[in-house]
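Fold and contact review
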Amino acid sequence: MAGGTGRAWLAACAMGAVLVPALTACTTGDAAERAAPRSVQSVSTARRAQLERGGTARWAVDALPATLNAYQFEADAVTDRVAGAVLPSLFILDAEGRPQLNTDYLRSAEITEREPRQRVVYTLDPDARWSDGTPIGADDFIAQWKALGGEDKDYWSARNVGYDRIEKVRKGPERHQVEVTFTRPYADWKSLFTPLYPRAVTGDADAFNDGARTELPVSGGPFEVADVDEEAGTVTLERNDAWWGDPALLDTLVLAAVPRAERRAALAAGELDIAEVTPGDAERITAARRTAAAAPGTDDRKQPAPAAPSAADALGDLARARLEGEEVAAAAERYRDAYADAEHARERQWATREEADREAMSHLVVHRAYDPSWTQLTLNGTSPALTDERVRWAVARAVDRAALAEAVHGPADLPATPLGSHLRTLGQAGYRDNSAAIGETGTASAAGLLDDAGWLTPGSGQGKETDGDAKPGAAAPAPLNAAGPATAASAALLRQSAAAERAAGDDAAAARTERRAEAAERRAAELAEAAATPPRTKDGAPLELRFVLPDGADAAPLRAAARRIAAMLATVGIRAVTTEVDADRYFEDHIATGAFDLALFSWPATAYPATDARPLFGKPRELPGGTLRVAQNYARIGTDYVDQLLDQAAGELDEKEHAALLDRADARIWAAAGSLPLYQRPQLVAVRDTLAGAGAFGLQTPRYQDIGHRR
């Protein structure tokens, strides 16, 4: 989760899921399988006394971090994971995304004055020190403020928000204290100095810009960076023996770059201990564990499969018999028998391997929660058709967000609820559903808006009155309208059935069901195209929108969601033409430049929405020469009032008023219909059952020092 505001939010092409508010689940073993769908998190926990000190855990990541400096543009989720394990975090997040004082570093942190200037005093733990023995203190705070404040252009930092409000930083009135004075009130002050880098990094521009990309000179956390091996694709963290808090239980924590498609096999082979997996792999692991639990006391020792008879030898005998003209029939019979025996042996060997695979997977537990990111549909407000807010409202009202959430959550065995906020996720403290601001949803409402905007269906008389109670502007005939979404839903169910069959070990049946699902998906796409042909028109031009999506296997779920959205829009006469582009250039060439009408991508959740939402939803400003400065507001839609509300919230120190301002801003963002929140993607994390302290953390900050092997 984006717990701090030290770097720019980076959009991620990922499928979303929906977070259902509930209590935190700290579970072990099979309880995680049962409790997870009702939880905002699921972590296998145990008392530290029940865990042994030592050993290694290997944790799968998508890629090696491009930098170890969390305040650079290239920083990513793996950068944050490394920083969380090796650097001070003054405030950490609980399961509901609320910042909590990190007592490993702070005795206290409080606002001591509000007028004439906001003043915050941090009281550090007297034992807090860097791994080289240097105490953590005011010099580190001062160096980080100056590096990120924005005045020194030699520092290549992603953002300076929050630090630019600081007037001065100095030693506090007492020992081990740091005093920070602000130029104007800042509600998100808890986001600052997390992570805190040593002065050796932030006190020198070259060290900040280049040195910290590949190494950190000292550590201030339970681990330290021992090695970054690009060839092996690993970041190795080792226990920091100079750490003053609860010592890390593990000797070594290895972050290994492993493609998602290869993770289940790596887990089964013992090459990984923690890995986020696909819904299909999660179901196979769960089924293997369920099967093992249902057969207690069975002998797990595997008998070696018999050697396969030599069909090659029998084939040679047959060839010689044919050449010599003798005993051909008998040789042919021997060959048939040998071939059949060989096939049976291969089947037995395959069954043995499958059984061994299931046995290995039975020692894994899948923890299910909701990823701290949210997938949304972006509407480009500078596109000709979408400059009219009535058309944007029609798109927003025609999209069945509940159906999309169900399609994403079903295969992950998670309950479905569409996300109702741009600023907080479901289950997060302060969450409120403000989606009513887009008005009444459904095809009838959407069609009426398009009629009002002058987009009419062929045959509707181009504005002439219709007979009876027929709705003006109704799209294609009803049976065709319903067929596309219904077929898409059927395909989704077939995918779920195939996953269950594969998890049960019936690969042949799963393959058949997958072929049926593929056919249904193709049919749904054809129906969507048919339903949108012809689309509504205005002055002879069709209502056609470019739906730009990334290519590649990782974005396949995203494209499936896009097909469903296109089918929904087709029912009201909007043709969404999907186009796949290079995933590596998706943002740079298309989203950032505005070369799209509709797009799908995700934003990370944040504990500090007043600060982090500003670049996403702030009103774009026109620069000299006509260039539009959009920051990360790729919808290119905004209002002065939203800016005012977010700015007021950022400076409001009263928590209730702060929350009220955010809700008002969120409602206005909904009404602008530039970004349509859909769902949060599932966070399915497989963990070896001998390991505690790991799982699907959701919004919560992990405690890396508490990850360890059970005794």
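Report on the accompanying structure. (Residues numbered from 1 in each chain as written. Predicted model: local features only at pLDDT ≥ 70, side-chain atom pairs only at ≥ 80, totals over all residues. Heavy atoms only, no water.)

**Section: the packing of aromatic side chains**
Taken as a whole and assessed by the stated rule, the structure comprises 20 aromatic pairs. Ring plane angle 45 degrees and centroid distance 6.3 Å describe the contact between W59 and Y704, whose orientation is recorded as tilted. A residue pair is termed long-range when its members are at least 10 positions apart, and W59 in strand 4 (residues 56–61) and Y704 in the loop between strand 27 (694–696) and strand 28 (708–710) qualify at 645 residues. By relative accessible area, W59 is classed as buried at 6%. Take Y704: its relative accessible area is 6%, and that puts it in the buried class. (Phe/Tyr/Trp six-rings, centres within 6.5 Å; stacked < 30°, edge-to-face > 60°. Helix = DSSP H or I, 4+ residues; strand = E, 2+ residues; numbered from the N terminus. Buried < 20%, exposed > 50% of the residue type's maximum accessible area, 1.4 Å probe, protein only.)

**Description of the nonpolar core**
It is characteristic of soluble globular proteins that their nonpolar side chains tend to be buried jointly. Y122, F141, I166, F193 and F223 are the most contacted members of the largest nonpolar core, which has 71 residues in total. Other than its neighbours up to four places away in sequence, Y122 contacts L90, F91, L106, S108, A109, F141, H176, Q177, V178, V180, W189 and F193. Membership of the second largest hydrophobic core comes to 40 residues, among which are A396, W455, L545 and I574. (Core = buried A, V, L, I, M, F, W, Y, C linked by side-chain atoms within 4.5 Å. Contact = heavy atoms within 4.5 Å.)

**With respect to the sheet that holds strand 24 (residues 675–679)**
Strand order across the open sheet formed by five strands is 20-19-21-16-24, with mixed pairing between neighbours. Because the sheet does not close on itself, it has two edges, and the strands there are strand 20 (575–581) and strand 24. For this sheet, the mean angle separating the axes of adjacent strands, direction not counted, is 35 degrees. (Pairing = 2+ DSSP bridges. Axes fitted to C-alpha atoms, helices over the stretch in contact; angles between N-to-C directions.)

**Focus: the environment of L148**
Take L148: it is sitting in helix 3 (residues 138–148). A residue is classified by how much of its surface remains accessible, and L148, at 0% relative accessible area, is buried. In sequence terms L148 and D164 are 16 residues apart; their C-alpha atoms lie 7.7 Å from each other. With residues near it in sequence (within four places) discarded, L148 still touches Y71, S157, R159, N160, Y163 and F208.

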